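Residue strings, one per chain:
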There are 2 protein chains.
Amino acid sequence: MNNRRTERGAFFPPFWKTDSHYVVVEFSKKISLAQPEEIEIAVEGRYNVKLNGKLQFGMPQRMTLPAGEHSLNIKVYNTTTPPALFVKGKTIHTDNSWNVTFEDKEWIDESGKASDTSATTYMAAGSWNFNDIHTPPSQFKLEVEPMEAVAVESLPGGELIDFGRETFGFIRLQGLSGEGVITIYYGESKEEALDTEYGETLDKLAVSGNQITDLSLNKSYPLDGDFTLESSKAYRYIYITKDAGVKQDKVSMLYEYLPEAYRGSFRSSDEELNRIWEIGAYTMHLTTREFFIDGIKRDRWVWSGDAIQSYLMNYYLFFDSESVKRTIWLLRGKDPVTSHSNTIMDYTFYWFLSIYDYYLYSGDIDFVKQIYPRMQTMMEYVLGRTNVNGMVEGLTGDWVFVDWADGYLDKKGELSFEQVLFCKSLETMALCAQLAEEDQDQVTYQKLAADLRAKLLPAFWNETKQALVHNRIGGEQSESVTRYANMFAVFFNYLTSEQQQQIRESVLLNDDILKITTPYMRFYELEALCVMGEQTAVMKEIKDYWGGMLHEGATSFWEKYNPDESGREHLAMYGRPYGKSLCHAWGASPIYLLGKYYLGVRPVKEGYKEFSVTPVLGGLEWMEGKVPTPGGDIKVYMDQHTIKVKATEGTGYVNFTSGSNPTVNRGEVEHLSGTNYRVWLEGGEELVIGYES
Amino acid sequence: MNNRRTERGAFFPPFWKTDSHYVVVEFSKKISLAQPEEIEIAVEGRYNVKLNGKLQFGMPQRMTLPAGEHSLNIKVYNTTTPPALFVKGKTIHTDNSWNVTFEDKEWIDESGKASDTSATTYMAAGSWNFNDIHTPPSQFKLEVEPMEAVAVESLPGGELIDFGRETFGFIRLQGLSGEGVITIYYGESKEEALDTEYGETLDKLAVSGNQITDLSLNKSYPLDGDFTLESSKAYRYIYITKDAGVKQDKVSMLYEYLPEAYRGSFRSSDEELNRIWEIGAYTMHLTTREFFIDGIKRDRWVWSGDAIQSYLMNYYLFFDSESVKRTIWLLRGKDPVTSHSNTIMDYTFYWFLSIYDYYLYSGDIDFVKQIYPRMQTMMEYVLGRTNVNGMVEGLTGDWVFVDWADGYLDKKGELSFEQVLFCKSLETMALCAQLAEEDQDQVTYQKLAADLRAKLLPAFWNETKQALVHNRIGGEQSESVTRYANMFAVFFNYLTSEQQQQIRESVLLNDDILKITTPYMRFYELEALCVMGEQTAVMKEIKDYWGGMLHEGATSFWEKYNPDESGREHLAMYGRPYGKSLCHAWGASPIYLLGKYYLGVRPVKEGYKEFSVTPVLGGLEWMEGKVPTPGGDIKVYMDQHTIKVKATEGTGYVNFTSGSNPTVNRGEVEHLSGTNYRVWLEGGEELVIGYES
């Protein structure tokens, strides 16, 4: 996936280590059969089959196992694509109950005796929806659907084609013949498509009679009228130029996408907000592919900081756990750790956090147990790079990212932002150690977390500024205050409630503090405000900021948006006129904010065994929506008099405020304090609350 | 290479971790051009080209670089085969002066500024004889040559075909047609080929009209009379059975081999010894393939303990440094280390030793520098598994091998043999740290080595037994004495000369001590005796032991030979009637012993910058031979009156004993003591010494 980026026709792989699969894998399973059973076996790779320790001839494609207890071991070798196994019988089938290992440590001594293999490390096999012998994993492809342009404009140099909105797929040239070169300039904006010099992506093809050559791949194909490009790209517009000798009728496309059910939903009395949710959902869908990627035009890479936000939005939209798991695995790769995640220090920390998030939403403890050893080696890498204070600072090779900012961001010394994330990562390690039943580790990480936690406020809190300062160099606090550490400290609950209130004024609502201009950090900024009960202010921000992009004509949300900029300034980034991604996953955060802080649904215990629903209108007249849970969903409706909640699984509190005594159709209302009430919700029936707003 | 083993038609990969290549590699080179230069570029993989930081369109196959200073960076992605690059211009060409990295850590900030890449780890590119754009590394194949059978015998069930001696290659079935199954049973012995039930390797083919299917690969090929199998095998005999419906005329083969120049030679007055040398050389040639493998029939795997002996023999036969280097790399694989080399503790230690050996013979310091980081992580693994005494003992998952023995060999506790190898490995680390200019490491490893060395004799020397005991359990010496640690302690010079003399009697020449029945450990046993000046006794052993195999009809040397066994007993091993390999690299040790301890040639300084020649007849009337050096050779002739030595490079002493004053044609004789003399040899002229034997 990370090797699909191109820049003006040049291949552009990532600058961090790309790991490949294990090339020899043994799959094994203990089987108990009441009846003899025939199995079929399909394998990607060269393989052998051992039944109860006895090697079978060749590579059997069918076998009959007698009744009784069996050990079935199938060893697969494949350098090109990951070793993959499909076994199917009446009762036997490959799934994640099979074990895998890449070194079975089973040697034979001179007398023919096999070694003790207790040192072998087994993992659960990965499995997904490859339920048919004819759909091997290596042939996996996203779905495609034909799409037509909505407008075609003939210009002096070529044709400008508009597909109506940001999209992704394979351009299809119809009625192609003749002799000469045809060039496709892609644009997320019209300006980009028409700028043949500086547009970010393009394809060049040479047509010659009944052959067509992709000039950036040096690859030729037979041509019989129509041609669909091999590489999919992101665009709304394309501009096509061609030599006089080339003929071509029509351009269409195959839209390429991962099929996803929209299990979450949101509608309200505010049509602009509804449109923001829809464009957010579409942005999420475009960037949820083989993995959760950052943006569809430029990198098409998997970035940990981007991905953790995709996961969180995903829990309120698709609840696609497979995409979460495979993205977390991809980001980690194999040992040894030779750099931070994507080389970025903060991205390493988000990676840790994302695992516990996933557990909390999904309840999938097996995943935590399986990945825990990789968490350990990642944390060993981090701990091996701490300074004498036990804090992290950027060493050579570390990218201290924080955020793209329109202004100077000091990356030197101990950044409070990085320490806050580091501390939360250590706490996460302790939680996951407990889940993995690694008690000694749990104690170790708890202590490390507590030690660092105790240092945070003494090191960074500035009583004069009533805020955490940005960094400390040589033990000296800097004068600079930024939003980052302060807002994370709020929702990590690292501050006293007095300090939280101070930060609200001194930082979060203070226009003198360097503004955030990426949806990426707005995600956390607005989340911090929501945690403090500022839903009405946040609603205004959502409409201003995301509504602002819509006013600029956005059909998907952007990598960065500064309302102070105008025209082509919105397209530029990285010193390039069209460097900015106009469809960026982190642009979709209203999906998360509306689900978690307006519909107000979140898991309290893992996998929504217990949940809480705290609906807040934040200025809306009414809203309604659904939040998916592992096996169902939670429906919420709220207007100024009524709250309705229905959960297909789990139990939990519905929290709300009411000016007078509320009414309920079932259960009992608990009066907590002042205007605060809650109702315990059980069973699948709808709870209807009458309240006074 | 390790994935070519089959067992009765079943694929049989190794039980240790198989690493694969890095799938994204950046090749780079600083280039200075006086004139503009056109280069051609050929790549295995998808790639991009950056000239002075600027990405070029597509995947250019030709480029013209202007005169001046340039940075050329080519990034290649390939999951199937290792990323490979070929660049050729008038002055520019790819070789090991190019750098490679698998993570360049070059990120771009929001203003378009590139990061400092000083944290990037660069290595020298691997390169070999792929000097033509049409010979990509992934297509490398050994050479083949057609060979005919020497005898064909028709038996009731099939045909027995004899190729006259142990060989290796692809069976070729000529004039094949009809319908039915044809089975090829391979045998290193006639007994094995004819035993259709228990022979180790076989191939089954189904012929059906103009198609033939390899039933163990589930793979079909078009058939037009002749068919050559896709997998090469080891055999002298093959037995072919076929269904009545299959017709087939003739069987021949394609002999498969690595082209090697026989740069070393040996001839003497003893024809049997000459035959032993020749069969040894042939055994070496058969097992020197893509890598140095153990034996050609069964594993065809690369084993560290076997390989170190192959390397040493190789220095006296082919001096093929490329095969040494690539075998050392293969044995190590990638980090992290998850087991000992081939899972065997002693094999890890041989791996360390083999690197300094290679340096000493070749003078190739670049190799040591390049592999040093992998030596460090391997040693970290070892040090992480030491006990409270700082010694190694077999933990779960460790195979403590020592040797195949006809008798009980205790593997428990601290084995003196393993500690001796461990100590030598630490000394090797210190030497290599110095070569790699890692001064702090050198000090650390020297200290670790000295600490362990100081513990060896107190822990294992038994004054009553006048020997090192075999092992120590719970701090208590066992009663057992074996040859292993004692003989290594001799040639590692870990004992006083008094102790050495004691060991000679109490262990090495003592028939009550468990006998060695593998050529593997005979290698070291006879080396220890040679170091003590026992060439005459060793000559008798060579003739008895290797001559013994020749008397049994060997056409290549075996994995194991016990003169007390007879008939089919010679074929059995691992509880299988034909489990023994009859062509095993470690069988060829006379190649090494005759070169190093009879012709007496060895490097004193790295790469034979200085050498010593200490010829010893050991009972022969005369002998003559050549020992290769990196850029030439050293010729030695000796009879009972004359010694002749000629070296094409390097300088060194010729050492000899003489009963009276010797004469020389050049240089000056130094009288050392008693009958010991030496002459310093310089230049390429022949030195002729007259002496009295």
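Source: prediction; values computed, not measured.

Student: Sorry if this is basic, but what is going on with the nonpolar core here?
Tutor: Within soluble globular proteins, side chains that are nonpolar tend to cluster in buried spots. Grouped together as the largest cluster of nonpolar side chains are 189 residues, with contacts concentrated most on A:Ile171 and A:Phe488. Not counting residues up to four positions away in its chain, the partners in contact with A:Ile171 are A:Phe163, A:Ile184, A:Tyr186, A:Phe227, A:Thr228, A:Leu229, A:Tyr235, A:Ile238, A:Val251, A:Ser252 and A:Met253. Of all hydrophobic cores here, the second largest spans 188 residues; its members include B:Phe12, B:Ala436, B:Ile591 and B:Val679.

Student: Looking at this model, I keep getting lost on the interface of chain B and chain A. Mind explaining?
Tutor: Quite often, the size of an interface is put as the accessible area lost when its parts meet. Between chain B and chain A, the residue contacts involve 67 residues of the former and 67 residues of the latter. Taken together, both faces of the contact between chain B and chain A bury some 5800 Å²; the carbon and sulfur share is 61%. Contact with chain A buries surface across chain B, with B:Phe11, B:Trp107 and B:Glu110 losing the most and accounting together for 14% of the total. The interface formed by chain B and chain A holds 0 salt bridges in total. Between chain B and chain A we count 20 residue pairs in polar contact (both at pLDDT 80 or more) in total. Contributions of two or more residues to the side of chain B that touches chain A are made by strand 1 (6–7), strand 2 (10–11), strand 5 (46–51), strand 8 (68–77) and strand 15 (202–208) of chain B. Sorting elements by how many residues they give to the side of chain B that touches chain A places strand 5 of chain B first, with 3 residues. Considering only residue class, the side of chain B that touches chain A consists of 27 nonpolar, 22 polar and 18 charged.

Student: Even after reading the chapter, I still don't get helix 7 (residues 416–435) of chain B, so can you show me in this structure?
Tutor: Structurally, the α-helix is built with 3.6 residues per turn, so residues lying three or four positions apart point the same way. Residues and elements named next belong to chain B. For helix 7, spanning 20 residues, the distance from its first C-alpha to its last is 29 Å, which sits close to the expected 28 Å at 1.5 Å a residue. Taken across its 20 residues, helix 7 has 16 buried, putting it largely inside the fold. Phi for Glu437, located one or two positions after helix 7, is positive at around 60°.

Student: Quick question: what am I supposed to make of the relation of the copies chain B and chain A here?
Tutor: Mapping one chain copy onto the other needs a rotation about an axis and a shift along that axis. Overlaying chain B on chain A yields an RMSD of 0.0 Å, the required transformation being a rotation through 180° with an accompanying axial translation of 0.0 Å. Both copies are brought into coincidence by an operation consistent with a two-fold rotation axis. In terms of proximity to the rotation axis, the leading residue of chain B is B:Thr80, whose C-alpha is 2.1 Å off the axis.

Student: I'm lost on unusual backbone geometry in this one. Help?
Tutor: With the exception of glycine, the majority of residues adopt a negative phi angle, and the majority of peptide bonds are in the trans configuration. The omega torsion of the bond from A:Asp335 to A:Pro336 falls at -5°, within 30 degrees of zero and hence cis. Examined against the element boundaries, A:Pro336 turns out to sit in the loop between helix 4 (321–332) and helix 5 (345–362). In this structure, B:Asn218 is a non-glycine residue whose phi angle is positive, near 50°. Looking at the element boundaries, B:Asn218 is found in the loop between strand 16 (211–214) and strand 17 (219–222). By relative accessible area, B:Asn218 is classed as partly exposed at 30%. Unusually for a residue other than glycine, B:Asn493 sits at a positive phi of about 60°. The topology assignment puts B:Asn493 in the loop between helix 9 (483–491) and helix 10 (497–508).

Student: Quick question: what am I supposed to make of the pairing of strand 4 (residues 37–44) of chain B here?
Tutor: For a regular strand, side chains alternate in direction, first toward one face of the sheet and then toward the other. In the sheet, strand 4 of chain B pairs with strand 7 (residues 62–65) of chain B via 4 bridges, with the strands oriented antiparallel. Following the sheet pairing, B:Glu38 is matched in strand 7 of chain B by B:Thr64.

Student: Is there a simple way to think about the pattern of salt bridges in this case?
Tutor: Pairing is possible between side chains of opposite charge, provided their charged atoms come close. Scanning the model with the defined rule gives 83 salt bridges over all chains in all. One salt bridge connects A:Arg62 with A:Glu38, and the closest N-O pair in it is separated by 3.6 Å. Of the two residues, A:Arg62 is situated in strand 7 (residues 62–65) and A:Glu38 in strand 4 (residues 37–44); the sequence distance between them amounts to 24 residues. Among the salt bridges present, the one from B:Lys560 reaches B:Asp406, with a minimum N-O distance of 2.7 Å. Residue B:Lys560 is located in the loop between helix 12 (535–551) and helix 13 (590–598), and its partner B:Asp406 is located in the loop between helix 6 (365–383) and strand 23 (414–415); the two are separated by 154 residues in the primary sequence. According to the relative accessible area criterion, B:Lys560 is buried, its value standing at 7%. B:Asp406 gets classed as partly exposed once you look at its relative accessible area, which sits at 36%. By sharing partners, the salt bridges in this structure join A:Arg5, A:Glu7, A:Asp294, A:Arg298, A:Asp299 and A:Glu559 into a single network.

Student: In this structure, what is going on with the packing of helix 5 of chain A against helix 7 (residues 416–435) of chain A? I would like to understand it.
Tutor: Residues and elements named next belong to chain A. At a minimum axis distance of 9 Å, the contact between helix 5 and helix 7 shows a crossing angle of 35°. Considering only the axes of helix 5 and helix 7, their crossing is left-handed. Counted together, Met345, Asp346, Phe349, Tyr350, Phe352, Leu353, Ile355, Tyr356 and Tyr359 of helix 5 and Phe417, Glu418, Leu421, Phe422, Lys424, Ser425, Thr428, Met429, Leu431, Cys432 and Leu435 of helix 7 form the full contact between these two elements. In terms of residue class, the contact of helix 5 with helix 7 is built from 15 nonpolar, 2 polar and 3 charged.

Student: Please explain the sheet that holds strand 3 (residues 24–33) of chain A as it appears in this structure.
Tutor: Whenever strands of a sheet pair, they do so through backbone hydrogen bonds, lying parallel or antiparallel. All names here are of chain A. Read across the open sheet, the 6 strands follow the order 6-5-8-3-10-11; overall the sheet is antiparallel. Strands with a single pairing partner mark the edges of an open sheet, and in this sheet they are strand 6 (54–55) and strand 11 (123–124). As defined by bridge partners, strand 5 (residues 46–51) adjoins strand 6 across 2 bridges and the pair is classed as antiparallel. Counted as the bridge partner of Lys50 is Leu55 from strand 6.

Criteria and cut-off values
- Residues numbered from 1 in each chain as written.
- Chains lettered and ligands numbered in written order.
- Predicted model: local features only at pLDDT ≥ 70, side-chain atom pairs only at ≥ 80, totals over all residues.
- Heavy atoms only, no water.
- Core = buried A, V, L, I, M, F, W, Y, C linked by side-chain atoms within 4.5 Å.
- Buried < 20%, exposed > 50% of the residue type's maximum accessible area, 1.4 Å probe, protein only.
- Contact = heavy atoms within 4.5 Å.
- Buried area = accessible area lost by both parts, 1.4 Å probe.
- Salt bridge = Lys/Arg side-chain N within 4 Å of Asp/Glu carboxyl O.
- Polar contact = N/O pair within 3.5 Å; in protein donor to acceptor, adjacent residues only side chain to side chain.
- Helix = DSSP H or I, 4+ residues; strand = E, 2+ residues; numbered from the N terminus.
- Nonpolar A, V, L, I, M, F, W, Y, C, P; charged D, E, K, R; others polar.
- Expected span 1.5 Å × (residues − 1).
- Least-squares fit on C-alpha atoms with pLDDT ≥ 70 in both.
- Pairing = 2+ DSSP bridges.
- Axes fitted to C-alpha atoms, helices over the stretch in contact; angles between N-to-C directions.
- Left-handed = near helix turned anticlockwise from the far one by under 90°.

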